[in-house]
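Chain residues, written in single-letter form:
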Amino acid sequence: MILTKSSNFGPKAFLSVKQLFYFQGRYVNRNNIQCHCHAQQGQRRLFFSFPKSSRKREYCGRQLVGYTMEQMFEVVSDVESYYKFVPWCKRSIVLSKTSDQLKADLIVGFPPINESYTSNVTLVKPYLVKAECMDGRLFHYLLTLWRFSPGLKREQQSCVVDFQITFEFKSTFHSHLSNLFFDQVARQMEGAFINEVGKRFGPPTIMSRNLLQNPQAVKS
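The shown structure was predicted, so the numbers you read here are calculated from the model rather than taken from an experiment.

1. What about the overall build of the protein chain?
On a plain count of helices and strands, the protein chain comes out with five helices and ten strands. A separation threshold of at least 6 residues defines the contact pool for the protein chain, and within that pool the share at least 24 residues apart is 64%. Working note: accessible area of the protein chain is about 10900 Å², and carbon and sulfur atoms make up 52% of it.

As structure tokens, this is what we get:
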């Protein structure tokens, strides 16, 4: 779920530089070539030239965090509370819910986008939260996927969090505009959920580690 809350990009809307360091994911471009999220020169070229290209975008993050799988699952599956802590989420209303799935209406809002969509969410406690949207006016397709797996053997209150967003805008304008800010939005989303777990369960037992940059960290 690509969710948003604020109508501007002021300093308070973003995580600190230190926080962003721990939540640096990886952006996958239209040719499926993985690269780091800051490709500013290419972003400017695409924005101004509007070349004919795929509108599909993908972002992947992988973190070792000092919280349990159950704690992470509780926060990520709490879709009804997204508007309280997810950046730029204006509304999140759960329409129906069972033990393994739910349906929710969400409204996202940041210039120039202000749109609502329905998300179908699959829940596999405490391992997975998968949200899909295929009926929105803004997206052809939107997938948000969270996976939780065991962390350090020496630290029971830890887990590995895999986070992925894949989407395709219907609008060419929105698609190219996303090149300018999508990496920031995705990283802030990732960080917002970790921060919310901290508010509910207290300080982490270990500092978060970026496993895309240091895949051996989970073995240390």
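2. What about the environment of D183?
Checked against the element boundaries, D183 lands in helix α5 (residues 172-201). Sequence spacing of D183 and C60 is 123 residues, and the spatial spacing of their C-alpha atoms is 9.9 Å.

3. A short note on the packing of aromatic side chains
Across all of its chains, the model carries seven aromatic pairs by this definition. Here the aromatic rings of Y59 and F163 are separated by 6.3 Å at their centres, their planes lie at 65°, and the arrangement is edge-to-face. Placement of Y59 in strand β3 (residues 56-65) and of F163 in strand β9 (residues 159-169) is noted, with a sequence separation of 104 residues between them. Considered together, Y59 and F163 belong to a single accessibility category, that of buried residues. Through a chain of ring-to-ring contacts, the aromatic side chains of Y59, Y82, F85, W146, F148, F163 and F193 assemble into a single cluster.

4. Regarding the pattern of salt bridges
For the coordinates displayed, the defined rule picks out three salt bridges. Ionic pairing is found between D162 and R62, a salt bridge with its closest N-O pair at 2.6 Å. Here the residue D162 occupies a position in strand β9, and R62 occupies one in strand β3, the gap between them amounting to 100 residues. Residue D78 is joined to R200 by a salt bridge in which the shortest nitrogen-to-oxygen separation is 2.9 Å. In this pair, D78 sits in the loop between α3 (69-76) and α4 (82-85) while R200 sits in helix α5, placing the two residues 122 residues apart along the sequence. Judged by its relative accessible area of 31%, R200 falls in the partly exposed class. Here the residues in one salt-bridge network are D78, E196 and R200, joined through shared partners.

5. Here's the deal with the environment of P150
Residue position: P150 is located in strand β8 (residues 139-150). The spacing of P150 and Y127 is 23 residues in sequence and 9.5 Å in space, taken between C-alpha atoms. With near-sequence residues (within four places) excluded, P150 lies in contact with M69, C159 and V160.

6. Regarding the nonpolar core
Residues M72, Y82 and F148 are the most contacted members of the largest nonpolar core, which totals 42 residues. Residues L64, V160, L211 and A217 belong to the second largest nonpolar core, which totals six residues.

7. A short note on the environment of V218
The topology assignment puts V218 in the segment after β10 (209-210). Residues V218 and L64, 154 residues apart in the sequence, show an inter-C-alpha distance of 6.7 Å. Among all residues touching V218, those that are not within four sequence positions of it are L64, G151, L152, V160 and L211.

8. Quick look at the confidence of the model for the protein chain
Confidence in the prediction of the protein chain, expressed as mean pLDDT, is 77, and 67% of residues score 70 or more. Mean pLDDT across the elements of the protein chain bottoms out in helix α1 (residues 17-22) (38) and peaks in α3 (98). Within the model, pLDDT remains below 50 along residues 1-24, and this stretch shows 87 contacts once partners closer than five positions in the same chain are excluded.

9. As for the side chain of E196
For E196, the location among the structural elements is in helix α5. The exposure class of E196 is buried, given its relative accessible area of 12%. The residues touching E196, leaving out its near neighbours within four places in the chain, are V75 and F85.

10. So, the pairing of β9
Most of β9 sits inside the fold, with ten of its eleven residues counted as buried. Looking at chain direction, β3 and β9 are connected through ten bridges and run antiparallel. What sits directly across from Y59, in β9, is I165.

11. Quick notes on α3
In terms of residue burial, α3 counts as a mostly covered element, since six of its eight residues are buried. Restricting attention to buried positions, one finds in α3 the residues M69, Q71, M72, F73, V75 and V76.

About the criteria used
- Residues numbered from 1 in each chain as written.
- Predicted model: local features only at pLDDT ≥ 70, side-chain atom pairs only at ≥ 80, totals over all residues.
- Heavy atoms only, no water.
- Helix = DSSP H or I, 4+ residues; strand = E, 2+ residues; numbered from the N terminus.
- Contact = heavy atoms within 4.5 Å.
- Areas by Shrake-Rupley, 256 points an atom, 1.4 Å probe, with all protein chains shown as cover.
- Phe/Tyr/Trp six-rings, centres within 6.5 Å; stacked < 30°, edge-to-face > 60°.
- Buried < 20%, exposed > 50% of the residue type's maximum accessible area, 1.4 Å probe, protein only.
- Salt bridge = Lys/Arg side-chain N within 4 Å of Asp/Glu carboxyl O.
- Core = buried A, V, L, I, M, F, W, Y, C linked by side-chain atoms within 4.5 Å.
- pLDDT = per-residue confidence, 0-100.
- Pairing = 2+ DSSP bridges.

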